[in-house]
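# An overview of the molecular structure
Listed below are the residues making up each chain.
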Amino acid sequence: MAHKSGFVNIIGHPNVGKSTLMNQLMGERMSIITPKAQTTRHRILGIMNGEDYQIVYSDTPGIVQPHYKLHESMMKFVQSAMQDADVFVYLTEVGENKFEEEVIEKIKLSGKPLIFVINKVDLVTPEEVQIKIAGWQEQLPDAHIIPISAKLNFNIEKVVQEVIDQLPENPPYFPKDDELSDRPLRFFISEIIREKIFLQFQKEVPYSAEVVVDGYREDPKITVITATIYVERETQKAIILGHQGAAIKKLGTAARKDIEKFIDARVYLELSVKVSDDWRSDELKLKRFGYEF
Ligand SMILES: Nc1nc2c(ncn2[C@@H]2O[C@H](COP(=O)(O)OP(=O)(O)OP(=O)(O)O)[C@@H](O)[C@H]2O)c(=O)[nH]1
Ligand SMILES: [Mg+2]
């Protein structure tokens, strides 16, 4: 049988559940998930191998109007995902009534299949879901529309089946070994720490924080990880540290527990905080953090 393979890129507004869907599709924790918008800042690949197919999913940052240089780079990841998609998964949620018109137009022009997925159906009645589907179908007569609850793992298999049906015939894009992603372990560890920052702190602090893993050493009994949290101002540094270091201690414990699950080993995590003035607006600093322009 012919081999199928392709980039299946998940695109949509912030906070609709793109990363939750990605993780359910992969059956692994690839992307971090928080209740705050603009959690995801990079394009994150998840590679799924079957005997006669290879699906390369991409989770992407939510589409926003850029206010910072950081947003520009985030939107560049979205643009790259727009360009190389073989199949589009446009994700919306039951509370949304509008799609990103420019994006949908580009998808239509590309001629590539569009799977239009409505997330968070657990929040409304089945009748409301039917009304939603009918409304979207009217606007997008050619799209394959699937209602799901990514959080409750409802209808994810329908998305997978539709993706496989729509995949073009191609040889695999990546070697078919067990690698799940193109990103190194250090990236996923820094993301886990960033997730905990998003969950623990409010307002500008999570948006002003970036995490770099500086050291990773596997000792026989414990894995020693050192990481630096960069913030934009001294006041934010003080918030992350907390009174007598209480906040960073709590953060470290939460992050360590998840990292231990992720790498399946005991972890000693050492966190420190540094100020990198206005890094979100500084192209050079952003490049050092791995953002592209
Ligand atoms: N009720 C409900 N909540 C969901 C569902 N899927 C995701 N969520 C929640 O929606 C919030 C955002 O989820 P994410 O997966 O981080 O959303 P995202 O689209 O990746 O967001 P950005 O990375 O910020 O663009 C989190 O609090 C999730 O738990 C769902 O099916 N039902
Ligand atoms: Mg996300």
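Residues numbered from 1 in each chain as written. Chains lettered and ligands numbered in written order. Predicted model: local features only at pLDDT ≥ 70, side-chain atom pairs only at ≥ 80, totals over all residues.

### Re helix H2 (residues 69–84)
Because each turn of an α-helix spans 3.6 residues, side chains separated by three or four positions end up pointing in the same direction. Between the first and last C-alpha of H2 there are 23 Å, a value that for 16 residues agrees with the 22 Å anticipated at 1.5 Å per step. Residues of H2 that are buried sit in contact with strand S1 (4–12), strand S3 (53–59) and helix H10 (283–288). (Helix = DSSP H or I, 4+ residues; strand = E, 2+ residues; numbered from the N terminus. Expected span 1.5 Å × (residues − 1). Contact = placed C-beta atoms within 7 Å.)

### Some words on the site of ligand 1
Taken together, 23 residues form the shell around ligand 1, and within it Gly-17, Ser-19, Thr-40, Gly-62 and Lys-151 come nearest. Among the residues forming the shell around ligand 1, the class breakdown is 8 nonpolar, 11 polar and 4 charged. (Near = placed C-beta within 6 Å. Nonpolar A, V, L, I, M, F, W, Y, C, P; charged D, E, K, R; others polar.)

### So, the domain arrangement of the protein chain
For the protein chain, the assigned domains read domain 1 (4–166) and domain 2 (185–288). Relative to domain 2, the C-alpha centre of domain 1 lies at a distance of 28 Å. Every contact between the two is made by 10 residues of domain 1 and, on the other side, 14 residues of domain 2. (Domains from an automatic or database assignment.)

### Side note on the sheet that holds strand S8 (residues 223–231)
Here we have 3 strands laid out as an open sheet, ordered S7-S8-S9, and mixed in their pairing. Edge positions in the sheet fall to strand S7 (210–218) and strand S9 (267–275), since each has one partner strand and no second. Neighbour to neighbour, the strand axes of the sheet diverge by 15° on average, direction disregarded. Pairing of S7 with S8 involves 8 bridges; the strand directions are antiparallel. Bridge assignment links Val-213 to a residue of S8, and that residue is Ala-227. Sitting on the sheet, helix H6 (residues 185–200) touches S7 and S8, and the angle it makes with S7 is about 130°. Those strands touched by helix H9 (residues 246–263) are S8 and S9, and its axis lies near 135° from that of S9. (Pairing = 2+ DSSP bridges. Axes fitted to C-alpha atoms, helices over the stretch in contact; angles between N-to-C directions.)

### Observations regarding the pairing of S1
Burial analysis of S1 places 9 of its 9 residues in the buried class, the great majority of the element. Of the two faces of S1, the one carrying Lys-4, Gly-6, Val-8, Ile-10 and Gly-12 and the one carrying Ser-5, Phe-7, Asn-9 and Ile-11 are both buried. Pairing between S1 and S3: 6 bridges, direction parallel. Along S3, the bridge assignment pairs Val-8 with Tyr-57. Sheet topology note: the S1/strand S4 (residues 87–93) ladder contains 5 bridges and is parallel. Each bridged residue has a counterpart across the sheet, and for Gly-12 the counterpart in S4 is Leu-91. (Buried ≥ 20, exposed ≤ 12 C-beta atoms within 10 Å, placed from the backbone.)

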